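Spelled out, the chains give:
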Amino acid sequence: MIALKLAFRNLLGAGLRTWLNVTVLSFAFVVIIFYNGMLNGWDRQGKRDTQAWEVGQGQLWHPTYDKYDVFSIQDAHGLMETREKQLAVEGKLTPILIAQGTAYPEGRMQGVLLKGIDPEQKILKIPSHLLKQTATAADDATATDGATEVDVHYAIDVHHAIIGKRMAKSLKVGEGDQMLIRWRDKNGTFDALEVKIVAVFKSDVPSIDNGQMYLSLQTLQQMMDMPGEATILVSGTEEINGNLGNWVFKDLDFLFTELDEIILSKRAGSMIMQSTLLLIALLAIFDTQILSIFRRQKEIGTYIALGMTRAQVVGIFTVEGGAHSILAALVGAVYGIPLFMWLAAKGITFGVDDMGITMAETIFPYYSLGLIAFTTLFVIAAATIVSYIPARRISKMNPTDALRGKVN
Amino acid sequence: MFKFILKGLLRDKRRSLLPVIVVSIGVFLTVFMSGWLTGVFKDMIDVNANFTTGHVKIMTRSYAENENQIPNDLALTGVDSLMSELNSRYPEMEWVARIHFGGLIDIPDEQGETRAQGQAVGMGIDLFDNSLEAERMNIPSSVVKGRIPSISGEALISDDFAEKFNVAVGDEMTLFGSTMNGAMMFQTYTISGTVRFGAAMLDRGAVIVDIEDAREAMDMQDAAGEILGYSKEGLYDDEQVSVIKESFNSAFTNPDDEFSPVMLRLRDQQGLDEYLALSESISFMMMLIFVLAMSIVLWNTGLLGGLRRYTEYGIRLALGEEKSQIYKTMLYEALLIGLIGSVIGTALGLSAAWYLQTYGLDFGDMMANSTMMMPQVFRAYISPRLFYIGFIPGTFAMVLGTALAGFAIYKRKTAKLFKELEV
Amino acid sequence: MKTIITIIALLVGLTGNAQDAKTILQKVDDNMSSKNRVFESTMVIHGKRNSRTITSRSYSEGEKQSFTEYLSPAREQGTKMLKVNDQLWIYSPSTDRTIQISGHMLRQSVMGSDLSYEDMMEDRKLTEVYEPKVTGEETIEGRKAYVLELTALVSDLAYHKRKMWIDTERFVPVKEELYAKSGQLLKQTTLSDVQQIQGRWFPTSIVFKDMLKDGKGTEFKMTNIKFNQDIPAYIFTKAALKK
């Protein structure tokens, strides 16, 4: 304890030199915490958004569903069994039916992935409630026998559809625009309808936006002649953690793979930068230590003359050098904490929303206790090691020479 | 006088060696860091530039509109003359033609009938005359079995596909699809090897052939889906390509002809504008912090250097040297040390950056089984900036630190000096 | 005079209506289909940039089997296409390969035309899969025609509804429109140059047009049409592809 007190007194006595070292080391602190905090924030937000918009608590896939193969989509659909239906009613999962189609906005032609989503669903943030349409004719049709039920979708003149902002950009359409879509039902029969874009939603998750158009689940089921069928089921509860009948469960780890990879790659890329910054700060401490030991030979000699072992003296100097890091943590905290708090509250707006990866426009850095504790310990350890290396020289000093300040 | 100081520095290792080492290391770190930062952002951009966008990309106007459908019927024609025009007008860029195509990969049985079929994600690139192209597409390190095609009639196919359908290197495969004119395309290739890119879409059914083979197959003589331009200096320079884009489009693009060529910058494609802006600002901020930190450290070194020689200055004062004279020599020394350190540091930094530019740092193990096209090997990049950036903290900060430390000389009382000399 | 014509027309119209739609369709079937037929054809495909002309010789036996050999242009020469029941093979002489077309590939366009492989695969008689209804009578290109509306009887048809204009005298279709289930017009076929061949009327020129796509459509002209020939059975085997 005395060593530490002494160390601080010595450091503070050195004035500007100490503060320069401390400032640089505090930069390293703040930058490391900030950068990792930002990546953590991105990671958390990205996962939260992916969950909110796309994967819920996991997905159950039809065994033949393959999101990279648009052609297999036509076969990847199956009936929901009683249990799945029950879970859907309870709001624990929501089915999505996926089919291929072609859109003709203003005479242009573009392939689209049609997705049927339940307007009542609450699991995903996709504003599916806007797809609810009350057509009197449709009600009549459902009211009568089951045979006409299939054709309910014709009872509505123009079907509501929603798309994401990226799709809106690529189709060159906006809210209120209408277009013809053409598709083939499960038998291969051509069908075409006019749809109206009732909303363009904004999501940070490009994978639920690019090339996709959302229709009401029931509409798409009727369009495809696949009543009660779905391609994937999105789970809204952690209770579902395994396959359900034929439906293959995909857990969050699997569904987050891409995001994890991007962030891992960013971390890897930034690791060098962080360590170099730290190295610079450590270089300053190293330099300072060498000078201290050189200039304070008499002091060292005195300590030894007073009966301290050399190891103890090495200890004193090591602690003194290492104490830079504690001061740096304090200085870093003085400007870092308000800065971090401000950033965490306000977020960092990159103005980037279309890089093709899940990334919020504004990222709110997330500083976990673990990150701060780890960084602090790491920097302290590094500073101490760097202080120890030049201090080792002390153990080789001849105390009488040291006392006279004659060590070279 | 410089000579005198230099001599002093050389003879007295204590007053020169450590500061030079510190400055060198500091400058080394700064230079290296700068190269690394440029490299990492460049890597991210390069993946896009190399695979899809080029530094600039030329397509026909209507091809550009429907690019994701790979509409080869709308491809550029008269490519040979366009290419030579490009080469003479813009020799600072390297121009390459590429063809993307879809279709079916069809593997025959012994009777020559379909044994296995799959969707092809095809690319025709210049494999034979331009070795850089394969490199750009990261093909050499993506080859799993066999080798890159070396003669016409050979193709690389997706390793996943080959595994799934039990296709071996040396087997034949037929590409079936349609030509530029909509006619049927049949072309048989010998499989020279298999590739795995770590990108899910490509790994389903990649087919890579030489561009001339692709032209032959698709009846695209003198045509290409796109022409990409890469700066010969290697780095995407927005100003440079903006000028080229401007000049090209005003000369070649005809708003009334949907088949006239149009040039897009990397920036204009795939949301890269935002990415570039982002990486530029982050890299600028990081560099700023870095140079600032380094300057502080070297300032400190200057201070330390002054302190180290406290006694010496005392003696010199005692001998009757003028304070201003001592101060001047101190500054000159600092300048020399700073310069020497900066030169050594820059040299070291450049070599380290060069090493990482050439060999890179492989994070592949960390990112095994990647499903995306992402750089796995990070590289530094030697930009012109590296040659001078180290001198800012190395020389300037060093001198500044010494200058500040030197004020102490003026504050010293001669009487006190003698006391210190009693030792 | 005019009124008389109108009355006659009306009478014809009425008798037309009275005439069973099925009978009309049957007559068309009888007229158009034969045991087999051989013809040469020229297909003009209008692409976005240029037009191409492809000539071929086709043999067909009933509705289930057909064999086509492409004669020109040079690139296509010798390419053969064989359809037997629901299978389709294409043979290319340059690569000596026979490729089977299946699944989603069947939905692709044939040589950039407005026809898909699948369109060429449909081999059931209209009377088997559609329920016809006469809805009126119109004059097309100076010929009087019944307007028939055909609604699918089975579910696995590409087009749920068709509208056909049948020449009232010759019992050949002169125009056809193909509709989506919803009633959206998708494709249109115009048939002309009706000639009498071996005692039957036959339209020798057909224009296919995808109504959702810009473009001029695909023209199809048949020459040297011969019915009920002796076509050797091996023509409809895979071995014939390589000949």
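Residues numbered from 1 in each chain as written. Chains lettered and ligands numbered in written order. Predicted model: local features only at pLDDT ≥ 70, side-chain atom pairs only at ≥ 80, totals over all residues. Heavy atoms only, no water.

Student: How would you explain the overall build of chain B if you had to name every residue and give the values?
Tutor: Across its full length, chain B holds 16 helices and 16 strands. Relative to the 2.2 N^0.38 estimate, which gives 22 Å for 423 residues, the radius of gyration of chain B is 30 Å and therefore markedly larger than a compact globule would have. On the principal axes, the C-alpha backbone points of chain B span a range of 105 × 50 × 30 Å. A burial count over chain B gives 57% of its 423 residues as buried. Residue pairs in contact within chain B that sit at least 24 positions apart in sequence constitute 75% of those at least 6 positions apart. (Helix = DSSP H or I, 4+ residues; strand = E, 2+ residues; numbered from the N terminus. Rg over C-alpha atoms; globule rule 2.2 N^0.38 Å. Buried < 20%, exposed > 50% of the residue type's maximum accessible area, 1.4 Å probe, protein only. Contact = heavy atoms within 4.5 Å.)

Student: Can you tell me about the packing of helix H10 (residues 257-295) of chain A against helix H12 (residues 310-346) of chain A, naming the residues and giving the values?
Tutor: Residues and elements named next belong to chain A. Taken N-terminus to C-terminus, the directions of H10 and H12 make an angle of 145°; their axes are 10 Å apart at the nearest point. Considering only the axes of H10 and H12, their crossing is right-handed. Here Ile285, Thr288, Gln289, Ser292 and Ile293 of H10 lie close against H12, whose contacting residues are Phe317, Thr318, Gly321 and His324. Taken together, the residues that form the contact of H10 with H12 break down as 3 nonpolar, 6 polar and no charged. (Axes fitted to C-alpha atoms, helices over the stretch in contact; angles between N-to-C directions. Left-handed = near helix turned anticlockwise from the far one by under 90°. Nonpolar A, V, L, I, M, F, W, Y, C, P; charged D, E, K, R; others polar.)

Student: Talk me through a nonpolar patch on the surface; I want residue IDs and the actual numbers.
Tutor: All names here are of chain B. On the surface, a cluster of nonpolar side chains totalling about 690 Å² of accessible area is made up of Tyr388, Ile392, Phe396, Leu400, Leu404, Phe407 and Tyr410. It is helix H15 (residues 391-411) that contributes the most residues to the nonpolar patch, 6 residues altogether. Topologically, Tyr388 is positioned in helix H14 (residues 386-389). (Patch = residues over 30% accessible without salt bridge, like charges linked within 9 Å, V, L, I, M, F, W, Y side chains within 5 Å. Areas by Shrake-Rupley, 256 points an atom, 1.4 Å probe, with all protein chains shown as cover. Salt bridge = Lys/Arg side-chain N within 4 Å of Asp/Glu carboxyl O.)

Student: Help me get a handle on the nonpolar core, residues and values and all.
Tutor: Core analysis: the largest hydrophobic core is formed by 138 residues, its most contacted members being Trp95, Met173 and Ile227 of chain B. Sort the elements by how many residues they give to this core and helix H2 (residues 13-53) of chain B lands first, with 16 residues. Among the nonpolar cores identified, the runner-up in size contains 59 residues, and Tyr104 of chain A together with Tyr130, Val172 and Ala180 of chain C belong to it. (Core = buried A, V, L, I, M, F, W, Y, C linked by side-chain atoms within 4.5 Å.)

Student: Run through the interface of chain C and chain B, naming residues and quoting values.
Tutor: Contacts between chain C and chain B engage 26 residues on the former and 32 residues on the latter. Taking both partners together, chain C and chain B bury about 2,300 Å²; carbon and sulfur atoms supply 52% of that area. On inspection of chain C and its partner chain B, the count reaches 3 salt bridges. Where chain C meets chain B, there are 16 residue pairs in polar contact (both at pLDDT 80 or more). When residues of the side of chain C that touches chain B are traced back to their parent elements, those giving at least two are strand S5 (87-92) and strand S6 (97-101) of chain C. With 5 residues, the top contributor of residues to the side of chain C that touches chain B is S6 of chain C. A per-class count over the side of chain C that touches chain B returns 8 nonpolar, 10 polar and 8 charged. (Buried area = accessible area lost by both parts, 1.4 Å probe. Polar contact = N/O pair within 3.5 Å; in protein donor to acceptor, adjacent residues only side chain to side chain.)

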